[in-house]
Structure formats: C-alpha cells, structure tokens
Amino acid sequence: MLREGAYVFTTVPPAKGVSGRAEAGRASGLEAAAGFPILVGGEIAGVLEFFLTDPSRPDEETLQTMTQIGTQLGRVVERTRARDELLAGRQLAAAQAEAASRLAAIVRSSQDAIIAKDLRGVVTSWNAGAERIYGYQESEMVGRPLQEIFPPERRDEEPKILAEIMAGRPVENLETERVTKGGRTIQVSVSVSPVYGPSGEVVGAATINRDISDRKRAEAEVRESEAFKGAILSSIAEGVIVTDAQGRIVLINPGMERLGGWSFAEVQGQLLTEVYRALDQRGEPVTAEHPRIAELFEEHDGTFTSRGFAISLLTASGDRVPVSWTLAPIKDGSDEIKGQVAVLRDVSKEREVDQLKSSLVSTVSHELRTPLTMIQGFSELMLARDMDRDKELQALGQIHSAAERLARLIDDLLSVSRIESGSIRMELESADLAVLLDQVVAAFGAAGRHVQVHAEPGLPAVWVDPDKTIQILTNLISNAIKYSPEGAPVHVDVRRDAGEVSVAVTDRGIGLTEEELDKLFQKFFRADSTDVRKTPGTGLGLFITKNLVDLHGGRIWVTSEPGEGSTFTFTLPTVAEGHDAELEVTAG
Amino acid sequence: MRKLLIADDEPGIRRLVRMTLESEDYDIVEAADGAEALARAREHKPALMFLDVMMPEMSGVEVCSALKSDPETAHITIIMLSAKAQDGDRAVGREAGADDYFTKPFSPIALLTKVDEVLEQVKPS
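In this numbering scheme, every chain counts its residues from 1 along its sequence in written order. For this description, chains carry letters from A and ligands carry numbers from 1, given in the order in which they are written. Totals for whole chains, interfaces and linings use every residue, but because this is a predicted model, local features are given only for residues with pLDDT of at least 70 and side-chain atom pairs only at 80 or more, for both listing and counting. Side-chain metrics in this entry use all non-hydrogen atoms of the structure; hydrogen atoms and water are not considered.

Enquirer: Go over the sheet that holds strand 4 (residues 113–118) of chain A with me, naming the residues and quoting the values.
Expert: Residues and elements named next belong to chain A. For two strands to pair, DSSP has to find at least two bridges joining them. Working definition: helices are DSSP H or I runs of at least four residues, strands are E runs of at least two. Numbering for both runs from the N terminus. The strand order 5-4-8-7-6 describes an open sheet built from 5 strands, whose pairing is antiparallel. Lying at the two open borders of the sheet, with one neighbouring strand each, are strand 5 (123–126) and strand 6 (171–179). Strand-to-strand twist of the sheet, defined as the mean angle between neighbouring strand axes without regard to direction, takes the value 30 degrees. In this structure, strand 7 (residues 185–196) lies alongside strand 8 (residues 202–211), joined through 9 bridges in antiparallel fashion. Looking across to strand 8, one finds that Val190 is bridged to Asn209. Where helix 5 (residues 157–166) meets the sheet, it contacts strand 4, strand 6, strand 7 and strand 8, and its direction lies at approximately 155 degrees from that of strand 6. Lines are fitted to the C-alpha atoms to define the axes, a helix being fitted only along its stretch in contact, and any angle between axes, read from their N-to-C directions, falls within 0 to 180 degrees. Residues are treated as being in contact if the distance between any of their heavy atoms lies within 4.5 Å.

Enquirer: How would you explain the sheet that holds strand 3 (residues 43–52) of chain A if you had to name every residue and give the values?
Expert: Residue and element names in this part refer to chain A. Overall, antiparallel pairing links the 3 strands, which are arranged 1-2-3 in an open sheet. In this open sheet, the two edge strands, each paired with only one partner strand, are strand 1 (8–11) and strand 3. Strand-to-strand twist in this sheet, taken as the mean axis angle between neighbours without regard to direction, amounts to 20 degrees. Of the pairings in the sheet, the one linking strand 1 to strand 2 (residues 32–40) comprises 4 bridges and is antiparallel in character. Note on strand 2: the bridge partner recorded for Thr11 is Ala32.

Enquirer: Help me get a handle on helix 5 (residues 108–121) of chain B, residues and values and all.
Expert: Residue and element names in this part refer to chain B. Taking 1.5 Å per residue as the helical rise, helix 5 with its 14 residues ought to reach 20 Å, and the 20 Å between its terminal C-alpha atoms agrees with that figure. The rule is simple: take the accessible area with a 1.4 Å probe, protein chains only, and divide by the maximum for that residue type; under 20% is buried, over 50% is exposed, in between is partly exposed. Buried within helix 5 are the following residues: Pro108, Leu111, Leu112, Lys114, Val115, Val118 and Leu119. What you see down the axis of helix 5 is that its buried residues fit within an arc of 160 degrees, all on one side. Exposed positions of helix 5 whose direction lies more than 90 degrees from the buried face are Glu120 and Gln121. Under the convention used throughout, the expected extent of a helix is 1.5 Å for every residue step, that is, one less than its residue count. Read the arc as the range of directions from the helix axis to the C-beta atoms.

Enquirer: Give a detailed account of the packing of aromatic side chains, specifying residues and quantitative values.
Expert: Residue and element names in this part refer to chain A. Geometry of aromatic contacts follows a simple scheme: Phe, Tyr and Trp rings, the Trp one being its six-membered ring, pair when their centres are within 6.5 Å, and the pair is stacked under 30 degrees between planes, edge-to-face over 60, tilted otherwise. All chains considered together, the criterion is met by 5 aromatic pairs over all chains. On the basis of an interplanar angle of 70 degrees and a centroid distance of 5.5 Å, the ring pair of Phe36 and Phe50 is categorised as edge-to-face. Here Phe36, found in strand 2, pairs with Phe50, found in strand 3; they are 14 residues apart in sequence, far enough to count as distant. Under the relative-accessibility criterion, Phe36 is labelled buried at 1%. Ring pairing ties together the aromatic residues Tyr7, Phe36 and Phe50, which thus form one cluster. Cation over ring: Arg178 sits above Phe150, and NZ or CZ is 3.5 Å from the ring centre. As a reminder, the over-ring test applies to NZ of lysine and CZ of arginine, requiring each to be within 6 Å of the ring centre and within 35 degrees of the ring normal.

Enquirer: Got a sec to walk through the environment of A:Ala6? Specific residues and values, please.
Expert: Residue and element names in this part refer to chain A. Structurally, Ala6 can be placed in the segment before strand 1. The exposure class of Ala6 is partly exposed, given its relative accessible area of 30%. With 61 residues separating them along the chain, Ala6 and Thr67 place their C-alpha atoms 7.1 Å apart.

All we've got here are geometric facts, nothing functional implied.
In structure tokens:
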C-alpha cells in the first residue's frame, strides 16, 4: 500500500512475542502506529512513522494531511536530487570537453601521423603529423581510401589490417613502406587500433604512422658498416683472433680457420691460450713463463711480435706451422684493455727460402773452398819445395783447373743474379744450331769426353742468342756426363718440329725420382742431400738452363727412370715462325 | 811403412795430400766416397786418416762414428777435413770422435806438421 502512495494504520497486535519492536512499543504503552510513504521518482525513499498511545484510528483529514507531508517531502528530495544531477552532468560535460580538446591538441601536435578511417578504409581524419609526413593536406585525404598512400606492391596490406580491426584485434608496430605525395617511398612503423561505437561494435580504426626512414637508414648504415668490417676481416689472408679482456675468443676470421684448422664455432668462447698453442723450435709450449720468452718475442708498446722463425703453431691436425705471431691489446679511448687481437701469418715459404739461403751459403762455401784449397795448397807446396819439372806441371795443372772451376762458379752465380733481377740481355739472331752444337761437342771431345750427336738433315735456322744457346747445350751435356758412369756415351738428338727445333740430351745415369723431377729446375736443387753428395755442383746449372730456354721462348722438360738414365729435351724457335730475321736484327 | 788413408771425393784434394806427404815414407791409401773410406779403413787399419765431411754414400761424420765405435778401428787417428767452417760442424766432428779438424782451404805444410806430431805420439804401436 505504501508503494501506491497510501498510508497505513495499524494497531499493535496482542502480544505473541513476534517482534522486538512491538514488544518494546507495548512496554512503552504504545497501542497503534501510522506510516506515510515518502515517494521519490515513484520509489519509496523513506517512511514517516507515528506511534500512538491511543489505539483508535485518527481522523481521515489528519491521515490525508500526513500523507501530503510525506508526498511533499518526496518532492523536496526529488528536486534536490534533480538539481544535484544537473550539476554533476554539467561538470561531466565540461570534463569531457576538456579531455576532448586536450586529445585534439595531442593529435594536432603529434609528430606522428594520426589517421582515422572507417571500416572500408576511407580516411575520416588526418592530422598535421600526417600532413607533414605524407605531404597531403587533410582536405585532400579525408574521404579517400588510405590505400592510396600504399606502394603498389603493398596494397594487399590494407585488407589484412582491416580484417584484424574488424575482429577487434589491434595491429602493432608493423614496419612497412608508404608513398608520399611527392612520390617518395618512406619507411614507416604502423599501429592500428579499432574504434568502438556507443554500443560496443567496431566502427572504424585509428592508425598511428611513424616515419622510421632515418632510423632504417641508420640501421642499414650500421649493417653495411658491420658487413664492410666483416668483409675486411674475411679478406685478410693472415689469421686474426680477437679475444675479450679475459682472453676468451670472440672472433676469428676465415684466414685463422684455414691456418689453425678449427672453425669459429669450435673455438668461440674458449681461451685463446687453450686452443692455439705456440711452440718454440724445440716443440716446447710457449707461455708467458717461458724462460726464453724475450728471445722468442719482442715487445713494443704492449704489442708482442715473434722473432724470425722462433714460433710454430700447433694446428688441429697436429702439424707445426711456422708463424709470425703478433699479439696486441685492444684499447678504446681510455687505457682500459678491452681484449686482445692476435695476427698469425704462415711463414713456411719464408722459412723454406731462409733454409734454401743457408743451404746456398753452405753449398757455395763448399764449392768455393774446394778449388781454393787446391790453388792455395799446390802453390804453397811449389813455394816451399824444390820440385822437378814434372811435379811442377802437375801442380800447375791442378791450380789451373781449380781456377777455371772458380770462374765457372762465379759465372753461374752472376747468371742467377741477372735472371733474378731480370737484367739478362738477349741478343737474338738467326743461327745454325748444328754449328753451335759442333762447337760444344768439340770442346768436350778435347777434354776427352765423347758425345754422340744425331742431327736431322736440313734443319731450319733458329732464332737465338748464340752464346746463351752454347751455355744451355754445355750445361745439359756436362750434366749428362757428370751423372753418367765413366765411359758411358751421352747422346744428343736434334729434330725439327712445327715452328721449332728440339734437342734431346740423354744420359745413362742414376735417373730421377718423381719427387726429384718436380724440383729439378728449382734453384739450388741437387739430386742428393747436402752432406752425402754423389756429384759436385751448386745446383744452379738447371735453374740457369731453364731460364735461358724460357728467355728464348722455348720449353724444357725431362723424362727419366730411376736407375735407367734421363733425357732432357728443350726446344728453340725457328726463324720462320713469326720472326722477320732482318727486321729483328736491325731493331735489336 | 806407416799407412795413411785420405778419403775425399775431390781427386784434386787427394792429389794435394798425396803430394804433400810423398817426401816422407808413408804408404798412402785413397778413398773417393764414405763407404769406400770405411771399407779401406777396416781393411788397412791406417795409423791416421784424413776424412772429408761432405762425401757421397756416407758422410765423413758417419764414417768417423762407425770407426770410433768399433774396437778394431777405434785407435785410428782421424783428422776431419771440411769445407764448412761453422763452429757447429766442428762440434759435430768432435762428438763423432774425430781427433782433429782442418778447414778447407788448409795449409799443406801445417797438415804435414800435424801428421808428424800425431805419428810421433802413436809411435809405440
């Protein structure tokens, strides 16, 4: 009843111990109660309650008046509430307006492009940032599809973005490209969020684009610079090892992978000293505590460089490769050491040359000392003693042949020196090889050595330096005699070929092994070891001979069977082959 | 007659030594390589031998070691002849048991003096 705005009158019912309030009322002598509703907006906001000591019903006018009071009270409350609500509403609107204007300011002043679009992808708003980045004014873009700023090959991005948005999922930090009004392609980072309508459905999208061209360019530059540094390191033929301050390997280059035999993956993070072991010439490991460390490395400003051929590297395959080893600290601007860089160079070739040089010194020393001993010894005897004429002639003969031998040795050394410096002068002319060969063979005949010559009749003239040709023939024939058993004949066979004449010199000597054949024309090579020598000589003859043949544009090769003998064959060009004899002679 | 052995692959050197010593009363045996030197030394057991270091077949150092380690030939006085002058070679010769060392070129008169001196000492045999 109260709910309908009517009053309620009730007498207190007989005590049945029902409610505490009724009990209390009765105890106070109250017999009846009247209630009048206070209605606010149709709802009971409160009740006016009156308790009476007289159980009889008040008159209707009083009850109506009380009801009116309740109603009026309700209206007062209603008005108060309405006024409060109005006030609150105004404040809210103001706050909302303020927030909106602040947001608008943010959007306006943003360096990023902030763009709103509808679900078809049509631009609905375009801020100053977008104008700045893309060059289009707001008026140009609103109402047009955003896809217009996509490069052709990226047009398919928009349907995918819109699909995500419609599903309520944002797209974050998509790094892509867009095209400006000026037609320039720029790198952008794109974030897109769905925009919801009042009833919670997606009605559009807000997209923020950031121009990351500069960042991308900087990144590309860093990448390029890193790649360039990597390329430099890879191009260095020497092995390079970089360690951190604790000596752990952070980098090795391909040169080091080749030299040491371990890949970068195998050694990364390991201690340099545990992977790459330096050995001294006795094969003892070299550490900072090595007793002769100062003899092995020289130090300059904290950089250590191995001396000469003092250090070998123990490789993955267990080989010992002689290396030049430099170890330098890596410092930045401060004096703090960030790590170390080691550069290793394989010096096997240099060591070989060095050993060859020592062997040359030893060979030349021997070759010089032997004839010198004879010259000095026989002359000393002649001076000290009275000799008969016969003895004197013997001694003089020895002195003379020793002097000749010295002269030949000096000639050979000079030839090598000229060959190496490229200063040999060739005086080419048309010559008859048979005549030159006769000269050489006659000289050997005079010395008691027989050479059998077989020359094809009607040989064409050759285009040669006659002195050098005689030198070639003399070297090869004397070699053949030297390596032939006493009395065994040496054969010389001369033939014509297309554009050249070939000369083959065959001996019945010790022959040569495969390995010897490979090295035969190298300087100072001898077909026997240094201390156990089968024949005298410096090992210069074949080197000189090959170079002289080369200078004529000919070829030289050897065929041999160990124990059977060897045949050295060389070719010389004929005059007819591309040479105008008269012209070249005048020009020369 | 006292036997002397001269081992050198250079005929000129052998001739020089022979000419140097021929005024004295020696029986001179020659060898042209290391193997021959070893064989001749074992065969003739000379009082003294000149041994070239750089020789075919066997080096003088190898011949020297072989002779000095054999009781039959250990008493032979060995004088190495070398065209190498480095101290290292001298040491190698000493290690092999050589009694003396001459570097080429050598003085034949000094060689003769050395021979007299050595043979004077070993005379009792």
